[in-house]
Amino acid sequence: MNKMSRAIVKGRILILILAVLLLIPAAIGYIKTRTNYDVLTYLPKDIETMKGQDILANDFGTGAFSLVVVENMKDKDIVKMVDQMETVDHVKKVVWYGSLMDITVPEELLPEDLQEEISSGDAKLMAVIYDTTLSADETMNAVEELRGIIGKNAFLSGMSAVVVDTKNLSDKEVPVYVGLAVLLCFVVLTLTMDSFLIPVFFLLSIGFAVVYNLGSNFIQGEISYVTKALAAVLQLAVTMDYSIFLWHSYCAEQKNYDNHLDAMAVAISETFSSVVGSSTTTVAGFIALMFMSFTLGLDLGVVMAKGVVIGVISCVTILPSMILVFDKAIKKTTHKPIIPDFGIISKFIVKNFWIGLVLFAILIVPAFIGQRAYTSTKYTKTRSGKDAVYYNLDSSLPEDLASIQANKKLQEKFNMNSTHMVLVSSDMEVKTVKSMMDEISEVKGVKKVLGMDSLVGPAMPRDMIPQDIQDIFDDGEYQMFLVMSEYKVASDEVNAQCDTINDIVKSYDEDGMLIGEAPCTKDLINITNSDFNTVNSVSILLVAIIIIFVFKSISLPILLVAVIEFAIFINMGIPYYTNTTLPFIASIVIGTIQLGSTVDYAILMTNKYKSHRFVGEDKVTAVTNALKDSISSIFVSAMTFFAATFGVGLYSDIDMISSLCILLARGAIVSMFVVILLLPAVLRVFDPIIIHTSLGFRDKTKKEHKAQMSN
């Protein structure tokens, strides 16, 4: 590494030129990377609901539809509007009363129960069928164009509309996320660093790494909007430590070398050796996400693990080059850091180590109970009885969005909250299909089962239905019908309803399928409940293995992981007592990210403790000095992590992003306090076990030398 470090120092100008030039392909890659705003597409491809979606897309030439509620419009005006709507690219068909018969024919000629479903007072209901999938770019463009056509008297509902609003809101907010994270980090760094200018170079070097990371996502083809929203903020939060370490190492080495170039070469070598171990635990946390069956975890895990690696490379190449080129300017902006003296605090904490143990004893039970509400399939309520976790994706969006208002209008006018689709064989006889539909219509919460036969009534032949309508419901291999439900997506009632309907369908056609948003969300619930245990176990195992290699210890992996897991319990338990409902993804990803990112605090302190113990200090002195040596770094690291995420959490109108960032920000602070207050007590109490189950905590050569001298 010494040769590489000197090469970096020597080629600092060239490195900066290359760094700037690489921004061009990175920016192009970022622009070319598609963003996926529909998280349901990350369900496993081999489950029945996803296979059904593929059949809709491939066989029926569709995969999405929207329900439109039209108010206070005359039929002749609706006809004109429908004609315009059907000219929109990728709108396959608009189905309403006028699609079945001439508007001069009274609605009363339609089946009575169908009349109730397509008309309610001054409101009429129509369906827009697209020839593309639910979250395809073409579908989203069609939704935007349809909204311009239908005006204020019509409300376009459904998942495609929700996806469009998610896209618009996310695209508007993401630049603000980055701006807030940079601004708040700059404030923290300005106060805690010894130069007003060095925070600028910290943020610039990480900014380069963020752009490279986001640009390289082009290889993946697309990333989720959640990953896009969090990537820059998270990368800034988890890689800032590396920049701080390089700067502190460089400042220390300048005292040992007359030439600042030599000092930087040594600092680069030391930084690389240190941050490789530190970054490994962070990468391990993100790798654990890749084990999720719900592949949003894979999406986020790949992007963030890659981002940490790129951040390390940037830290030991771009940042030192910037510092050396602008060395004189940096020195002119030096100031005394505004940070408290932690020496007295360290002595007090170690002397009164029992305080940490008492706090642990007091908090562990309520923390465990609280976090169970968000990580267990059995306990799913907050203390007040509210749902602890939500899976309904539109619950994360503001109430005033057009899609949310349209969904409310659909519920208000037609008492309809979700629509399922059933696929069965086209060879099934009409009377059998009728029997199945009748049975499904009797299921609790089902408002209407809509198929070809229900459009014209049992007494009229299918030939009465226009061919383009027939093609929507039957492709020759499968026939489809719709099930209108009173129940909301992700509710216990709709999940039970889906089970009952699925059983009915299978009894008539074992290859039949129930698909749609509600069945997909039900699968999401089952899969993510299982994913929590997988991700949690993998992250703990990977971090423990890394600690084993770092310390060559049997006991320390257990102790250090236990300390951070306690902090995670507190962080995830707080929402239980504040009656906060969290998005389903929070309980899965927060634990592994908090563990991977903040176990470094514990590793740093334990490394200092090991060094002091090795030179012969007693356990109390070693723990005191270890805390004193590390507390400032832990404080600055936690505060920058907090700054990068907290502002985004407060600002974001997308609750899924807001909740994740608030949890991450709080997690950093909780981990900081737990490590500072509890870990010294753990090291002091378990010192005899640690030194006998770990290598490098006692210098045996010194003891042997002393023994020989005494003899």
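Right, let's walk through the structure included here. Since the structure is predicted, the reported quantities are computational estimates derived from the model, not experimental observations.

The next point concerns empty space enclosed by the protein. Tallied over the full model, the rule gives seven cavities of 30 Å³ or more. Forming the boundary of the second largest cavity are Tyr37, Val39, Met159, Val162, Val163, Thr166, Tyr225, Leu393, Leu397 and Met656. Partitioning the lining of the second largest cavity into residue classes produces nine nonpolar, one polar and no charged.

Now for the nonpolar core. Across soluble globular proteins, nonpolar side chains have a tendency to be buried as a group. Among the nonpolar cores identified, the biggest contains 214 residues, and Met126 and Phe294 are the most heavily contacted of them. If one sorts the elements of this core by residue count, helix H10 (residues 225-253) sits on top with 17 residues. Beyond its immediate sequence surroundings of up to four residues, methionine 126 is in contact with Ser66, Leu67, Val68, Val70, Ile78, Met81, Val82, Met85, Val94, Val95 and Trp96. Counting 26 residues, the second largest nonpolar core, distinct from the first, contains Phe60, Val95, Met513 and Ile515.

Glancing now at the packing of aromatic side chains. By the definition in use, this model includes twelve aromatic pairs. Relative to phenylalanine 584, the ring of phenylalanine 294 has its centre 5.7 Å away and its plane inclined at 65 degrees; by these criteria the two rings are edge-to-face. With phenylalanine 294 in the loop between helix H11 (260-289) and helix H12 (296-325) and phenylalanine 584 in helix H23 (residues 584-614), this residue pair connects regions lying 290 residues apart in the sequence. For the pair formed by phenylalanine 294 and phenylalanine 584, the shared burial category is buried. Here the aromatic residues Phe294, Tyr391 and Phe584 are joined through ring pairs into a cluster of three or more.

This part covers the pairing of strand S9 (residues 418-425). A large share of S9 lies buried, amounting to seven of its eight residues. As paired elements, S9 and strand S11 (residues 478-485) share eight bridges and run antiparallel to each other. Bridge pairing links serine 425 to tyrosine 478 in S11. Across four bridges, the pairing between S9 and strand S12 (residues 513-516) is antiparallel. When the sheet's bridge partners are listed, valine 422 is paired in S12 with leucine 514.

Moving on: helix H8 (residues 159-192). Residues spaced three or four apart along an α-helix face the same direction, because each turn holds 3.6 residues. Here H8 spans 47 Å end to end across 34 residues, near enough to the 50 Å set by a 1.5 Å rise per residue. The sharpest bend along H8 reaches about 30 degrees and sits at glutamate 173, with the proline proline 175 one to four residues further on.

Let's shift gears to the pairing of strand S3 (residues 91-95). Every regular strand shows the same layout, with side chains that alternate between the two sheet faces. Where burial is concerned, most of S3 is hidden: four out of the five residues are buried. Pairing of S3 with strand S5 (residues 123-130), which is carried by four bridges, proceeds in the antiparallel orientation. Note on S5: the bridge partner recorded for valine 94 is valine 128.

This part is about a negative patch on the surface. Taken together, the side chains of Asp89, Asp131, Glu138 and Glu145 define an acidic patch exposed on the protein surface. Tracing the chain through its elements places aspartate 131 in the loop between S5 and helix H7 (137-150).

Here H10 is 29 residues long and its end C-alpha atoms lie 43 Å apart, about the 42 Å a rise of 1.5 Å per residue gives. If you look at H10, its biggest bend is around 40 degrees, right at alanine 231. Of all 29 residues in H10, 25 are buried, a share of seventy percent or more.

A full pass over the atoms with the stated rule returns zero disulfides. Cysteine 185 takes part in no disulfide bond, and the closest cysteine sulfur to it belongs to cysteine 661, at a distance of 12 Å. For cysteine 185, a relative accessible area of 0% corresponds to the buried category. Residue cysteine 520 stays outside any disulfide, its sulfur separated by 9.6 Å from that of cysteine 498, the closest cysteine. A residue is classified by how much of its surface remains accessible, and cysteine 520, at 4% relative accessible area, is buried.

Reading the values: the criteria
- Once a new chain begins, its residue numbering starts again from 1 and follows that chain's sequence as written.
- The model is predicted, so local features are restricted to residues of pLDDT at least 70 and side-chain atom pairs to those at 80 or more, both for listing and for counting; the totals for chains, interfaces and linings are taken over all residues.
- Values shown for side chains rest on all heavy atoms present in the structure; no hydrogens or waters enter the calculation.
- Think of a 1 Å grid over just the protein atoms. A cavity is a set of points where a 1.4 Å probe fits yet cannot get out, a pocket is an open set with protein on both sides within 12 Å along at least five of seven lines, and lining residues have an atom within 4 Å of a point.
- Grid points are joined across faces, edges and corners, and a volume is the space filled by probe spheres set on the points.
- For this classification, Asp, Glu, Lys and Arg are treated as charged, while Ala, Val, Leu, Ile, Met, Phe, Trp, Tyr, Cys and Pro are nonpolar and the rest, including Gly, are polar.
- Throughout, nonpolar core names a set of buried Ala, Val, Leu, Ile, Met, Phe, Trp, Tyr and Cys residues whose side chains join them through atoms within 4.5 Å.
- To sort residues, take the accessible area from a 1.4 Å probe on protein chains only and compare it with the maximum for the residue type: under 20% means buried, over 50% means exposed, and anything in between is partly exposed.
- In DSSP terms, a helix is any run of H or I states spanning at least four residues, a strand is any run of E spanning at least two, and both are numbered starting from the N terminus.
- It only takes one pair of heavy atoms within 4.5 Å for two residues to be counted as in contact.
- The pairing test for Phe, Tyr and Trp rings, Trp by its six-membered ring, is centres within 6.5 Å, and the orientation test on the planes gives stacked under 30 degrees, edge-to-face over 60, and tilted for anything in between.
- Paired strands, as defined in this entry, are two strands with at least two bridges between them according to DSSP.
- Here the expected span of a helix is defined as 1.5 Å times the quantity of residues minus one.
- The bend at a residue is defined as the angle formed between two axes, one fitted to the seven residues ending at that residue and one fitted to the seven starting there.
- Here the term patch refers to residues with relative accessible area over 30% and no salt bridge, with like charges joined within 9 Å and nonpolar side chains (Val, Leu, Ile, Met, Phe, Trp, Tyr) within 5 Å.
- For every accessible area listed, the method is Shrake-Rupley and the probe measures 1.4 Å; residues are considered covered only by the protein chains on display.
- Criterion for a salt bridge: a side-chain nitrogen of Lys or Arg within 4 Å of a carboxyl oxygen of Asp or Glu.
- Counting rule for charge: Lys and Arg are taken as positive, Asp and Glu as negative, and neither His nor the chain ends is counted.
- In this description, the location of a charge corresponds to atom NZ of lysine, CZ of arginine, CG of aspartate or CD of glutamate.
- The criterion for a disulfide is a pair of cysteine sulfur atoms lying within 2.5 Å.

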